[in-house]
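# Structural characterization, general
Now for the letters of each chain:
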Amino acid sequence: LVLLSLLFALWLCSLRSRGDFMFLHRWYRPDTPIRQCWQSSQAAGHQLFVWRFYFCLIALLFFAADAVFAYSHILKPYMAAGKTWSGELLMPTVACATAALLLGAAVQLVSHLAKAFVVPVMYWHGVTASRAWLVVFALCNQYPGAMLGYLIYGVVCGVAAGVAIVMFGVLTCCVGFIPMVIPYFGSVMLLPVALFFRGYPVCFLSQWRPDLIPASA
């Protein structure tokens with residue numbers, strides 16, 4: 001079951017990586033058939049999938065190191081003391097929890113930047129993920145205020161969208177939540193929200209740095 005779950009997760013990651021470029025292809029060429037978008041996104045989607053695979057492995061190694069530290073400095077002394085909590089375990093517990101939270105936040109940030117900025121740069125210039133990351137790093141170093149404003153505004157919009165969805169379900173006496181959990185109907189109902197958050201970074205980057213977009217895009 002674990003092996004099948006891992007294979008299924010890899011398959012979904014491959015589809016998601018290819019779908020990111022299909023979205024951009026339809027964004028700039030809305031009349032393009034789905035089959036042509038699927039074929040044109042094969043090479044770039046595979047490169048993005050490989051990068052995400054290695055990034056996931058590195059992130060898992062960091063989380064595993066944190067788990068090993070927690071076992072050796074918290075769980076093992078706790079079990080050796082007869083499951084008795086002591087003040088000496090407080091600092092290692094705080095350190096492990098803080099490290100796990102920071103690692104989780106870093107993984108989320110890198111994953112979001114990869115989808116928001118790396119994918120458009122790869123699509124516009126036909127470069128690999130590593131070269132696109134160099135462009136994104138340069139933008140973060142040169143314009144940290146703009147990047148921070150983009151992230152803050154994205155979080156505010158995410159909170160507002162979540163509150164609006166919850167309020168819609170509550171005002172309909174929870175009846176509105178029923179079609180949201182149905183795969184197809186839920187996707188159709190939440191399509192405007194998904195389109196906004198998928199197109200927001202593309203519009204932000206294209207309007208903020210129009211020099212990054214080639215004339216053919």
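As the structure is a prediction and not an experimental result, all values here were calculated from the model.

## So, the packing of helix 3 (residues 42-80) against helix 4 (residues 90-125)
Axis separation between helix 3 and helix 4 bottoms out at 10 Å; the angle between their running directions is 175°. Between helix 3 and helix 4, the angle falls in the class roughly antiparallel. Here the contact of helix 3 with helix 4 is composed, by residue class, of 20 nonpolar, 5 polar and 3 charged.

## Some points on helix 6 (residues 144-171)
Compared with the 40 Å implied by 1.5 Å per residue over 28 residues, the 40 Å span of helix 6 between its first and last C-alpha is a close match. By the burial criterion, the buried members of helix 6 are Met-147, Tyr-150, Cys-157, Ala-161 and Gly-169. Summarising the contacts, the buried residues of helix 6 are in contact with helix 4, helix 5 (129-142), helix 7 (177-181) and helix 9 (191-208).

## Here we look at unusual backbone geometry
Even without glycine at this site, Lys-83 takes up a positive phi of about 55°. Tracing the chain through its elements places Lys-83 in the loop between helix 3 and helix 4. On the basis of relative accessibility, which here comes to 55%, the residue Lys-83 falls in the exposed class.

## Digging into the pattern of salt bridges
Taken as a whole, this structure holds 3 salt bridges when the rule is applied. Salt-bridge contacts for Asp-20 lead to Arg-198; the nearest nitrogen and oxygen are separated by 3.9 Å. Of this pair, Asp-20 sits in helix 1 (residues 2-28) while Arg-198 is found in helix 9, placing the two residues 178 residues apart along the sequence. The residues Asp-20 and Arg-198 share a single accessibility class, namely buried.

## Regarding the layout of surface pockets
Considered as a void within the structure, the largest pocket measures approximately 570 Å³ in volume. Lining the largest pocket are 23 residues; nearest its centre among them are Cys-13, Arg-16, Arg-52, Cys-56 and Ser-111. Looking at the lining of the largest pocket, the element that brings in the most residues is helix 3, giving 8 residues. In this structure, the second largest pocket occupies an estimated 160 Å³ of space. What lines the second largest pocket is His-112, Tyr-150, Leu-151, Gly-154, Val-155, Phe-197, Tyr-200 and Pro-201. Secondary-structure elements contributing two or more residues to the lining of the second largest pocket are helix 6 and helix 9. A total of 4 residues in the lining of the second largest pocket trace back to one element, the largest contributor, which is helix 6. For the lining of the second largest pocket, a count of residues per class yields 6 nonpolar, 2 polar and no charged.

## Observations regarding the nonpolar core
Membership of the largest hydrophobic core comes to 27 residues, with the highest contact counts inside it found for Phe-21, Phe-117, Val-118, Met-122 and Leu-205. Per element, the largest residue contribution to this core is 10 residues, and it comes from helix 4. When near neighbours in sequence (up to four residues on either side) are disregarded, Met-122 contacts Phe-21, Ala-44, Gln-47, Leu-48, Val-127, Thr-128, Ala-129 and Ala-132.

## Looking at the state of the cysteines
According to the stated counting rule, one finds 0 disulfides in the structure shown. Between Cys-37, a free cysteine, and Cys-203, which holds the nearest cysteine sulfur, the sulfur-to-sulfur gap is 18 Å. Classification of Cys-37 as buried rests on a relative accessible area of 0%. Free of any disulfide, Cys-140 has its nearest cysteine sulfur in Cys-203, 19 Å distant. Look at Cys-140 and you get partly exposed, because its relative accessible area is 24%.

## Quick look at the packing of aromatic side chains
The full count for this structure, using the stated rule, is 18 aromatic pairs. A ring pair is formed by Phe-53 and Tyr-54, whose centres lie 5.7 Å apart and whose planes are at 70°; its orientation type is edge-to-face. Take Tyr-54: its relative accessible area is 51%, and that puts it in the exposed class. Arranged with centres 5.1 Å apart and planes meeting at 80°, the rings of Tyr-143 and Trp-208 form a pair that is edge-to-face. You can see Tyr-143 sitting in the loop between helix 5 and helix 6 and its partner Trp-208 sitting in helix 9, a full 65 residues away along the chain. You can call Trp-208 partly exposed: its relative accessible area is 24%. Through a chain of ring-to-ring contacts, the aromatic side chains of Phe-117, Tyr-143, Tyr-150, Tyr-153, Phe-196, Phe-197, Tyr-200, Phe-204 and Trp-208 assemble into a single cluster. Over the ring of Trp-38 we find Arg-18; its NZ or CZ atom is 3.7 Å from the centre of that ring.

Here is what the cut-offs are and how they apply
Residues numbered from 1 in each chain as written. Predicted model: local features only at pLDDT ≥ 70, side-chain atom pairs only at ≥ 80, totals over all residues. Heavy atoms only, no water. Axes fitted to C-alpha atoms, helices over the stretch in contact; angles between N-to-C directions. Helix = DSSP H or I, 4+ residues; strand = E, 2+ residues; numbered from the N terminus. Parallel < 35°, antiparallel > 145°, perpendicular 65-115°, else oblique. Nonpolar A, V, L, I, M, F, W, Y, C, P; charged D, E, K, R; others polar. Expected span 1.5 Å × (residues − 1). Buried < 20%, exposed > 50% of the residue type's maximum accessible area, 1.4 Å probe, protein only. Contact = heavy atoms within 4.5 Å. Salt bridge = Lys/Arg side-chain N within 4 Å of Asp/Glu carboxyl O. 1 Å grid on protein atoms, 1.4 Å probe; cavity = no way out; pocket = protein on both sides within 12 Å on 5 of 7 lines; lining within 4 Å. Points joined across faces, edges and corners; volume = space filled by probe spheres on them. Core = buried A, V, L, I, M, F, W, Y, C linked by side-chain atoms within 4.5 Å. Disulfide = S-S within 2.5 Å. Phe/Tyr/Trp six-rings, centres within 6.5 Å; stacked < 30°, edge-to-face > 60°. Lys NZ or Arg CZ within 6 Å of the ring centre and 35° of its normal.

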